[in-house]
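# Structural characterization, general
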Amino acid sequence: MHPMTYRPLWRSLPWLAALLLSWFTTAAFAQQAQQGGPEVDPSGRVAHISARQGEVVFAPNGEDEWIELPQNRPLTDGDRLWSDRGARAEIQLDAATLHVGGETHVGVSALDEKGTQLILEQGSMNARVRDLQDGENFEIDTPNVAVRMMQPGEYRVDVDEKGGNTRVTVISGSVTVFGDGSQSVQLAAGQTASYTGRALAPAQAPGYRPDELTQWANERNRAEEQSESARYVPRGVVGHAQLDQHGDWQQVPEHGAVWYPRTVPENWAPYRQGRWVDVAPWGWTWVDEAPWGFAPFHYGRWAQINNRWAWVPGRLAPRPAYSPALVVFLGGGGNLVVRGGPGVAWYPLAPGEVWWPAFRASPRYFGRVNFGFNLRAYPRGYTNYYWARRPFAVTAVQIGDFRLGRPVYRAWAPLNAQVIARARIGFAPAALTRVELRATRGTAVVRLQARPASVRTVGGAHFAERRKQELRGGAAARANDRATARPGARGADNDRAAARPAARGADNDRAGGRRGDDNDRAGGRPNPRGSDNDRAGGRRGDDNDRAGGRPSPRGNDNDRGARQGAREDRPGRGPEPRDERGGGRGPEPRAERQERVQQQRPERAEAPRQQQRAEREQPQRQQRAEREQPQREQRGGGGGGRGRDRDEDERGGRR
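Throughout, residues of each chain are indexed from 1 in the direction in which the sequence is written. With the structure being a predicted model, the display of local features is reserved for residues of pLDDT at least 70 and the display and counting of side-chain atom pairs for 80 or more, all residues being used for whole-chain, interface and lining totals. The side-chain numbers reported here are obtained from all heavy atoms of the structure, hydrogens and water having been left aside.

## Re the packing of aromatic side chains
Going by this rule: The criterion for an aromatic pair is that two Phe, Tyr or Trp rings (for Trp, the six-membered ring) have centres within 6.5 Å, with stacked assigned to planes under 30 degrees apart, edge-to-face to planes over 60 apart and tilted to the rest. Numbering goes from the N terminus for both helices and strands, where a helix is a DSSP run of H or I of at least four residues and a strand is a run of E of at least two. Only protein chains enter the accessibility calculation, which uses a 1.4 Å probe. A residue is then buried if its area is under 20% of the maximum for its type, exposed if over 50%, and partly exposed in between.
Counted by the stated rule, this structure contains 30 aromatic pairs. Residues Phe329 and Phe402 carry aromatic rings whose centres are separated by 5.9 Å and whose planes lie at 80° to one another, so their mutual orientation is edge-to-face. A residue pair is termed long-range when its members are at least 10 positions apart, and Phe329 in strand S23 (residues 327–331) and Phe402 in helix H5 (residues 399–403) qualify at 73 residues. Here Phe329 matches Phe402 in class, with each residue buried. Connected via pairs of aromatic rings, a cluster forms that spans Trp259, Trp268, Tyr271, Trp276, Trp284, Trp286, Trp292, Phe297, Trp302, Phe329, Trp346 and Phe402.

Below, the structure is given as structure tokens:
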């Protein structure tokens, strides 16, 4: 999306809109990946909590409950963060570092190659933007304004939730503050402005003065500037600053600069001290337990030098693409048993080896996450990986422990070379359902001194629809398929007149019907889903074929006085009474009725469902006619009665 399109979408900034947007994006990616449709690339950018003090909790994408934030768990679209009273947190991105104060409600609404959008619902945030490329958007949205950074610099945004005011301070750089419509205000370095409402009305608020949050942010920024790791890897490597205190850099002729962790457990190997978490849209993501365990497990490769594990960052782009875990999975087919049950195993990639994710993606994405690698040297399905032939580098657990996110180091088991050779390359367990995902988080109550502001929903539906249309190109965003319109969205089962063929799942050939309808009609109103009727104007559950009559109540199979089970096809009039004793006119034979209706409506064909029903009912009607024939002869007497019964027998045969 072009950066200039962000403002009109986010000027109201409701949290519901952000959640719906993230849900639409994730659902579209998962749906197309499962169907084998066009490749949809996940984002190569994430956010990471690099430091925190006090109680800091988060709500994952699509969830409303606040839970404990695991160390090194990445933050992506739709995730929200709450720092409790007296707490603070540092959020690191590839192009910026954020510092949030206590009682601050902040979330990620968009984080991809085109820009960064954050929502600050309440509280205070210091933002230091290091890099801002041409056409890239970096924006902080509050409940009443949108603050867009126009240059690299340092900024402060404060939101008074009770007063509904937003204060913007430009320490260095420049910003544009957007309100409703086309209103905007430019602020340069050294300027501060406060706004109330969404029309950029000036607010009476105290000016900006450096506080404890500013002091802490300055200290953290100076430490980042002096980071030794920034001499060996680009600053775009998220989590690089945490390497300084927990390891040492060395130059190795074969690999260049490598990093050695100082302290690791016995029998340690990469991707062994942590857990697996299902994080959309990537899927299985490694969350390491070490305080330095973010950068080495999402960028670069691992080697063993002099019997010591070393992280080899290799050649990296200025902003390297994030990967959920640079490993090769093994298992599947029941040939991998761990501790007596089905298992899954993995091992790290060695320097130069290509990572192939389990999800579908474009060649451009593979090129970005394997920057500087020869993709042809390691095609998908390649089996001769370096660490696969060294069992001490392979980690295996039972599938249940893997899927439930249990600590790997407590449950792993070694494998021998023969078992590793038989296991299938590229296997990964199925993702968790929403119920299972919630079960993994436990039922522990998070104790907070303060609670975030309530979720704002004003304008959420409008924003979500607009964003969904842009993400899907406007092709599948429309709810109705009118004449001369584009094909309906997935699940539409209609072939309307003058419209293009419906999308997957269309079972009907009619004009005006809705999903699930098995009717063949023209001009009638659409029936609700699941209706098995062949009529115009009927309601769900009615099995009558009539035109012009009033719709019957849902589920009613009777025809105005007729006994249950009788289904008449009389256009414009109700059914005639059936005479079970043989007197009167009696019921019209079904075959003749269908022929007469067909003559009156030649453009209409008999519904397949009715044909099958008629074939099933024919033997029963013949048996009933045979049982009732002696009684009719006794009651009718004489030739007239016998003649009438003979006529009815002939009609029963045609039936």
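## Let's talk about the environment of Gln245
Mapped onto the elements of the fold, Gln245 is located in the loop between helix H3 (212–225) and strand S17 (247–252). Judged by its relative accessible area of 64%, Gln245 is exposed. Between the C-alpha atom of Gln245 and that of Ser229, which follows or precedes it by 16 residues, the distance is 10.0 Å.

## Things to note about the side chain of Gln117
Formally: We call two N or O atoms a polar contact when they sit within 3.5 Å, provided that within protein one can donate a hydrogen and the other can accept it, with sequence-adjacent residues counted only if both atoms are side-chain atoms.
In this fold, Gln117 is placed in strand S8 (residues 115–129). In this structure the side chain of Gln117 is engaged in a polar contact, spanning 3.3 Å, whose partner is the side chain of Glu139. For Gln117, the side chain forms a polar contact with the side chain of Asp141, separated by 3.4 Å.

## With respect to unusual backbone geometry
With an omega dihedral of 5°, the bond running from Ala280 to Pro281 counts as a cis peptide bond. For Pro281, the position within the fold is in the loop between strand S19 (274–279) and strand S20 (283–288). The phi torsion at Glu103 lies on the positive side, around 50°, for a residue other than glycine. Relative to the helices and strands, Glu103 is located in the loop between strand S6 (96–100) and strand S7 (104–112). According to the relative accessible area criterion, Glu103 is partly exposed, its value standing at 30%. A positive phi angle is found at Asn267, which is not glycine, with a value near 60°. Note that Asn267 resides in the loop between strand S18 (256–261) and S19.

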